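Structural characterization, general
These are the residues of each chain, in order.
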Amino acid sequence: MKTRPRIHSVYADMGTTVFERMSALARETRAINLGQGFPDSPPPAPLLEAAARALREQSNQYPPSVGLPALREAVCAHYARTQGLTLAPSEVVVTSGATEAIAAAVLALVSEGDEVILFQPAYDAYAPMVRRAGGVPVSVLLQPPHFRYDAAALEAAVTPRTRAIMLNDPLNPAGTVASADELAMIARFCTRHDLVAICDEVWEQVRFDGAAHRSLMACEGMAERVVKIGSAGKIFGLTGWKIGWMAAKGDLGSALARVHQFLTFTTAVPLQWAVAEGLERVDILDGLHADWAASRARLKAGLEAVGLAVLPNAATWFLCIDLAASGIALTDREFSERALREAGVATVPVSALYESGQNGQGAPESYRAPVLHQARRRARRGAGADLRMGARPVSVLRWRPMRAEDIDGVVDVARTAFPDHFEARACFAERFALFAPGCFVLADPVTAGVKGYLVAYPWPLGAIPPLDSLLGTLPEEREAFYLHDLALHADARGLGHAGPAVRRLFKDLRALGGQEVALVSVNDTLAFWQGQGFAAVAADEALGRKLASYGPDARYMRRAI
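Nothing here was measured: the structure is a model prediction, and the numbers come from that model.

Here is what the cut-offs are and how they apply
Residues numbered from 1 in each chain as written. Predicted model: local features only at pLDDT ≥ 70, side-chain atom pairs only at ≥ 80, totals over all residues. Heavy atoms only, no water. Helix = DSSP H or I, 4+ residues; strand = E, 2+ residues; numbered from the N terminus. Buried < 20%, exposed > 50% of the residue type's maximum accessible area, 1.4 Å probe, protein only. Contact = heavy atoms within 4.5 Å. Areas by Shrake-Rupley, 256 points an atom, 1.4 Å probe, with all protein chains shown as cover. Pairing = 2+ DSSP bridges. Expected span 1.5 Å × (residues − 1). Salt bridge = Lys/Arg side-chain N within 4 Å of Asp/Glu carboxyl O. Axes fitted to C-alpha atoms, helices over the stretch in contact; angles between N-to-C directions. Parallel < 35°, antiparallel > 145°, perpendicular 65-115°, else oblique. Left-handed = near helix turned anticlockwise from the far one by under 90°. Nonpolar A, V, L, I, M, F, W, Y, C, P; charged D, E, K, R; others polar. Core = buried A, V, L, I, M, F, W, Y, C linked by side-chain atoms within 4.5 Å. Lys, Arg positive; Asp, Glu negative; His and termini not counted. pLDDT = per-residue confidence, 0-100. Right-handed = clockwise from strand over helix to strand, strands pointing away. Phe/Tyr/Trp six-rings, centres within 6.5 Å; stacked < 30°, edge-to-face > 60°. Lys NZ or Arg CZ within 6 Å of the ring centre and 35° of its normal.

Here the focus is the overall build of the protein chain. Broken down by element type, the protein chain carries 19 helices and 19 strands. With 561 residues in all, the protein chain has 55% of them scored as buried. Pairs at least 24 residues apart make up 75% of the contacts formed inside the protein chain by residues separated by at least 6 positions. Carbon and sulfur atoms form 53% of the exposed surface of the protein chain, whose accessible area is close to 23,800 Å².

Now for the pairing of strand β2 (residues 92-95). Side-chain alternation along β2 places V92 and V94 on one buried face and V93 and T95 on a second face that is also buried. Note that β2 and strand β8 (residues 244-247) share four bridges and pair antiparallel. Bridge pairing in β8 places V94 opposite W245.

Turning to helix α4 (residues 69-83), a few remarks are in order. The end-to-end C-alpha distance of α4, which contains 15 residues, comes to 21 Å, matching closely the 21 Å that a straight helix rising 1.5 Å per residue would cover. Along α4, the residues classified as buried are L71, R72, A74, V75, C76, H78, Y79 and Q83. Buried-residue contacts for α4 involve β2, β7 (226-231), α9 (232-236), β8, α11 (269-279) and α12 (282-305). Positive phi shows up at G84, right after α4, with a value of about 70°.

Attention now goes to the pattern of salt bridges. Here the structure, examined in full by the defined rule, presents 13 salt bridges. Its salt-bridge partner being E155, residue R192 comes within 2.5 Å of it at the nearest N-O pair. Of the two residues, R192 sits in helix α8 (residues 180-192) while E155 sits in helix α7 (residues 151-157), which places them 37 residues apart along the sequence. Judged by relative accessible area, which is 31%, E155 ranks as partly exposed. The partner of E204 in a salt bridge is K228, and the shortest N-O contact between them spans 2.7 Å. Pair noted here: E204 is in the loop between β6 (196-200) and β7 and K228 is in strand β7, with a separation of 24 residues, a long-range link. Salt bridges sharing partners connect three or more residues here, namely E201, E204 and K228.

In terms of burial, α11 is largely enclosed, as nine of its eleven residues are buried. Looking only at α11, the buried set comprises V269, P270, L271, Q272, A274, V275, A276, G278 and L279.

Packing of helix α2 (residues 18-29) against helix α13 (residues 332-343) leaves a shortest axis separation of 10 Å and a crossing angle of 20°. Viewed along their axes, α2 and α13 adopt a mutual orientation that is roughly parallel. For the element pair α2 and α13, the recorded crossing hand is right-handed. Only S336, L340 and R341 of α13 make contact with α2, whose side of the interface consists of M22, L25, A26 and T29. Counted by class, the contact of α2 with α13 contains four nonpolar, two polar and one charged residues.

Of all hydrophobic cores here, the largest spans 102 residues; its most connected members are L216 and F236. For this core, the element with the most residues is helix α5 (residues 97-109), which contributes eight residues. Those residues in contact with L216 that sit more than four places away from it in its chain are L167, L183, I186, A187, A197, C199, E201, M222 and V226.

Before going further, it helps to examine the side chain of E100. Note that E100 resides in helix α5. Lacking a salt bridge, the buried E100 has K242 as its closest oppositely charged neighbour, with an N-O distance of 8.6 Å. Each residue touching E100, except ones within four places of it in the same chain, is listed here: T95, H260, L263 and T264.

Within the element layout of this structure, L183 appears in helix α8. Once the C-alpha coordinates of L183 and A218 are considered, the two residues, 35 residues apart in sequence, prove to be 9.5 Å apart. Among all residues touching L183, those that are not within four sequence positions of it are L167, D169, A178, R214, L216 and C219.

With that settled, the discussion passes to unusual backbone geometry. The omega torsion of the bond from Q120 to P121 falls at 10°, within 30 degrees of zero and hence cis. Positioned with a positive phi, R30 is a non-glycine residue whose angle comes to about 60°. With respect to the helices and strands, R30 occurs in the loop between α2 and β1 (32-33). The exposed category is assigned to R30, whose relative accessible area is 80%. In this structure, F147 is a non-glycine residue whose phi angle is positive, near 55°.

In this section: the confidence of the model for the protein chain. Across the protein chain, the average pLDDT comes to 75, with 68% of residues at or above 70. Note that residues 364-407 has pLDDT below 50 and, in this model, 163 contacts with residues that lie over four places away or in other chains. For the stretch residues 417-497, pLDDT sits under 50, and the model shows 214 contacts to residues farther than four places along the chain or on other chains.

Within a regular strand, side chains alternate between the sheet's two faces. In terms of burial, strand β4 (residues 136-141) is a largely internal element, five of the six residues being buried. Pairing between strand β3 (residues 115-120) and β4: six bridges, direction parallel. Note on β4: the bridge partner recorded for Q120 is L141. Following the chain from β3 across helix α6 (residues 126-132) to the adjacent parallel β4, one finds a crossover that is right-handed.

Counted under the stated rule, the structure contains six aromatic pairs. Between W292 and W317 the ring centres are 5.3 Å apart and the planes differ by 75°, which places this aromatic pair in the edge-to-face class. With W292 in helix α12 and W317 in the loop between β9 (309-310) and β10 (318-322), the pair connects residues that are 25 residues apart, well separated along the chain. With a relative accessible area of 1%, W317 lands in the buried category. Members of the aromatic cluster, each reached through a chain of ring pairs, are W203, W292, W317 and F318. In this structure, K228 is placed above the aromatic ring of Y79, and the distance from its NZ or CZ to the ring centre is 4.3 Å. Taking the ring centre of W203 as reference, the NZ or CZ of K234 above it sits at 5.2 Å.

So this is what it looks like as structure tokens:
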């Protein structure tokens, strides 16, 4: 009997957000964490005192669902003073952080089949939220290094089904800001096509170009078309408080309030009191901004001093590095992995913030270069550590990307090792497109009737996505998986960190019904794989010849899972 899946398809194969993943690795390895968006400096003491006072003196019971009147009034006054916006407290809804506000806006505005235009790179919560609401995310790529908004690209993306756009300005992670001309162009686009704009403006106060933030809401014809989202966490560097808000006029605002009441209903009332006080304290805002500007300048100078090319930006706590312009022949994911394992610095690859395969697109080719850094940390590294990595041998456990000349050898070994389970076909390149970029599945699951599959990963082990998301389209018969280790390099440090990732890999394989894993080990990693439960298996004459072609240390190894 066929049963329905227990987990919604949007979440069944979803991995952990890249920010959480890199922060977890930083904690595990005790690395300096430049990969998470929060500052190191202590929070403003007056806000802590205000929160403590509210705990003692104010009610700790449910406030109005839409937020304390005092906070909603303070938000309106803040925007009138800093951006010239005219908002009424009734048009503001306080939320448990900006991410809840984004979710509420999407749920209120997007129906089944509606298309929503997203600019990439993008906060990785946008697309899943659109899909969960039944909508279809449509990507418009912003090209480094300037990430400009292009009218032609927008017109090419719009269809009769387009319902909304999502605009993150200032843009995370690039730190660029839309110009007045670009905002006016986007406003005309929205009015021409009768679209609503969900504007994630959480970085509006974290600008370093000396200019006041201008919201799309202020553009002609947009006052009734914009959901404006803000964040006390970003304004005050208090990300753990999770106090955000959304502002919208007319029926948009009413709909947002109705959705919010059945998401979180409300949020921590003492913190609402404290944020209301903080928004009225211009001295606090100015002091924070000066501190962040000095820290950002220090990091930028430190990165440039070691030869790294920092892309121009005007806002956020982040800086982006152009690896190619820095003379580093690594992808951003490779650099992030090595920076963490070898230099003890956690970063975030910008390509993780592009939707892979969306509209046939992923991160632009030029995005083999940039890597993300959080600008709140000091630029420092111990003697002897080289963030440029130079030409040193790779010292972390990883598979390098396969080259065209590798494929024949891989297929030959697989066919010899699994004569009963594997049948190779021509034109493998056509089938690569069926799977996630970088995941090579060399078999024809439809016509070959195979029960084992050859899978080669070019990612570092710690970055391997869940296998069920990669192999979910294959038939159910999975008796053997073949992981081909083409260029495995490791030292003691790298191997020690690889063990948990390997064990997770086996767990994923078991969940998929796998019974056995086989690999060809090279470069003196025999002891490591033995420690992971593999045993070297004697090769027959044909397989032995193939192994010999990989070098004298190549071993054929298998283990049951």
